[in-house]
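Geometric and topological summary
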Amino acid sequence: MRLKLYFQLMRLHKPIGILLLLWPTLWALWIAAHGFPSLKNLIIFVLGVILMRSAGCVINDFADRTVDLHVARTKLRPLTSGKISAHEAIILFVILCAIAFALVLLTNVLTILLSVFAVITAFIYPFMKRYTHWPQLILGIAFSFSIPMAFAAETNHVPLIAWILMCANILWTIAYDTQYAMVDREDDLKIGVKSTAILFGRYDRWMIGLFQGAFILLMCVIGFLENFSVVYFAGVFFAVLLFIYQHILIAKRVPEKCFHAFLNNQWGGMVIFIGVLLNYFYTCL
């Protein structure tokens, strides 16, 4: 029973966060390796994604343990409901971070240095919604540090293309996490929690479209710089179609449909990865 509560606290029963963090990591690994990355790095980063997303959920619930009581969607979470103590949550967070750091120690010095900044960003993100309307930007940075880390692990340096990919992923994260924030906007306004959904107000859909458009533009730039084949751009095109579908879902700002739009982003990340993967198969033919 206790183990089940820890799994719920880490949100392992809701893998959407893992997928949204995993797909950009896989983009980076494949692009850095110009094909299939080393098996060691692939295992390290997949496990690292699972561990750090879980740690992120734990520290997020710790930071929001009093706030979540006033939000219908979150008031029954293990930490908020008192089934797990704040002390237990901190211990779990430290353990998860320690295991993830042990994995990073199997790479190189540059990757280890980047991982320090990644952990710091992941730690401060949950507290930012009290001080800024841009916590989605901090989340985007936290969710994107695996990109330069992947390049560092594969090549021992971080080229310009890695930073462009990181910027693209930050833009995408702001877009989909704004959709997520639209779900809780009314509750957040009552309790004083800040978000881009509140900041953008009636321009929320336009701003989401702007961030998505900038993301697609940068992904196309990456494709041209890397001389990717048409199959990569086909993957980007399918992501555009998914974005259009998401805008249909959020058109009337119904919370349930906004949440469905947020979930749909896992497929956007997947089709781009398939495009990257097939590009290298195509160029080998």
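Refer to the preceding data block for the structure.
To keep things clear, this report deals only with the structure shown in the data block.

Conventions and cut-offs
- Residues numbered from 1 in each chain as written.
- Predicted model: local features only at pLDDT ≥ 70, side-chain atom pairs only at ≥ 80, totals over all residues.
- Heavy atoms only, no water.
- Helix = DSSP H or I, 4+ residues; strand = E, 2+ residues; numbered from the N terminus.
- Contact = heavy atoms within 4.5 Å.
- Axes fitted to C-alpha atoms, helices over the stretch in contact; angles between N-to-C directions.
- Parallel < 35°, antiparallel > 145°, perpendicular 65-115°, else oblique.
- Left-handed = near helix turned anticlockwise from the far one by under 90°.
- Nonpolar A, V, L, I, M, F, W, Y, C, P; charged D, E, K, R; others polar.
- Core = buried A, V, L, I, M, F, W, Y, C linked by side-chain atoms within 4.5 Å.
- Buried < 20%, exposed > 50% of the residue type's maximum accessible area, 1.4 Å probe, protein only.
- Patch = residues over 30% accessible without salt bridge, like charges linked within 9 Å, V, L, I, M, F, W, Y side chains within 5 Å.
- Areas by Shrake-Rupley, 256 points an atom, 1.4 Å probe, with all protein chains shown as cover.
- Salt bridge = Lys/Arg side-chain N within 4 Å of Asp/Glu carboxyl O.
- Phe/Tyr/Trp six-rings, centres within 6.5 Å; stacked < 30°, edge-to-face > 60°.

A separate point is the environment of leucine 103. Take leucine 103: it is sitting in helix H4 (residues 86–104). Through-space distance from the C-alpha of leucine 103 to that of glycine 48 is 7.2 Å; in sequence the pair is 55 residues apart. Residues within four places of leucine 103 in sequence aside, it is in contact with Ile44, Leu47, Gly48 and Leu51.

Moving on: the packing of helix H1 (residues 2–9) against H4. Contact pair H1 / H4: the axes reach a minimum separation of 12 Å and the direction vectors enclose 70 degrees. In terms of orientation, H1 lies roughly perpendicular with respect to H4. The handedness of the crossing between H1 and H4 is right-handed. In contact with Arg2, Tyr6 and Leu9 of H1, H4 contributes Glu88, Ala89 and Leu92. Taken together, the residues of the contact of H1 with H4 break down into four nonpolar, no polar and two charged.

Turning next to the nonpolar core. Residues Trp27, Phe151, Leu165, Phe215, Met219 and Ile222 are the most contacted members of the largest nonpolar core, which totals 91 residues. With 15 residues, the top contributor of residues to this core is helix H8 (residues 160–183). Sequence-distant contacts of methionine 219, defined by excluding residues within four places in its chain, comprise Trp27, Leu165, Ala168, Tyr232, Val236 and Ile272.

Phi at arginine 11 takes a positive value of approximately 60 degrees, unusual for a residue other than glycine. Along the polypeptide, arginine 11 turns up in the loop between H1 and helix H2 (16–33).

What follows concerns a nonpolar patch on the surface. A cluster of nonpolar side chains, namely Phe101, Leu105, Val116, Phe117, Ile120, Phe123 and Ile124, defines an oily patch on the protein surface of about 620 Å² accessible area. The leading source of residues in the nonpolar patch is helix H5 (residues 109–128), at five residues. With respect to the element layout, phenylalanine 123 can be found in helix H5.

This part takes up the packing of aromatic side chains. All chains considered together, the criterion is met by 22 aromatic pairs. Summarising the aromatic geometry, the rings of tryptophan 30 and phenylalanine 273 are spaced 5.1 Å apart at their centres and angled 85 degrees between planes, so their arrangement reads as edge-to-face. Of this pair, tryptophan 30 sits in helix H2 while phenylalanine 273 sits in helix H13 (residues 255–284), and the two are 243 residues apart along the sequence. Tryptophan 30 gets classed as buried once you look at its relative accessible area, which sits at 6%. When its relative accessible area of 10% is taken as the criterion, phenylalanine 273 is described as buried. Ring plane angle 45 degrees and centroid distance 5.1 Å describe the contact between phenylalanine 224 and phenylalanine 233, whose orientation is recorded as tilted. Its relative accessible area of 21% is what places phenylalanine 233 among the partly exposed residues. An aromatic cluster is defined as three or more aromatic residues linked by ring pairs; in this entry it consists of Trp27, Trp172, Tyr176, Tyr180, Phe215, Phe243, Phe259 and Phe262.

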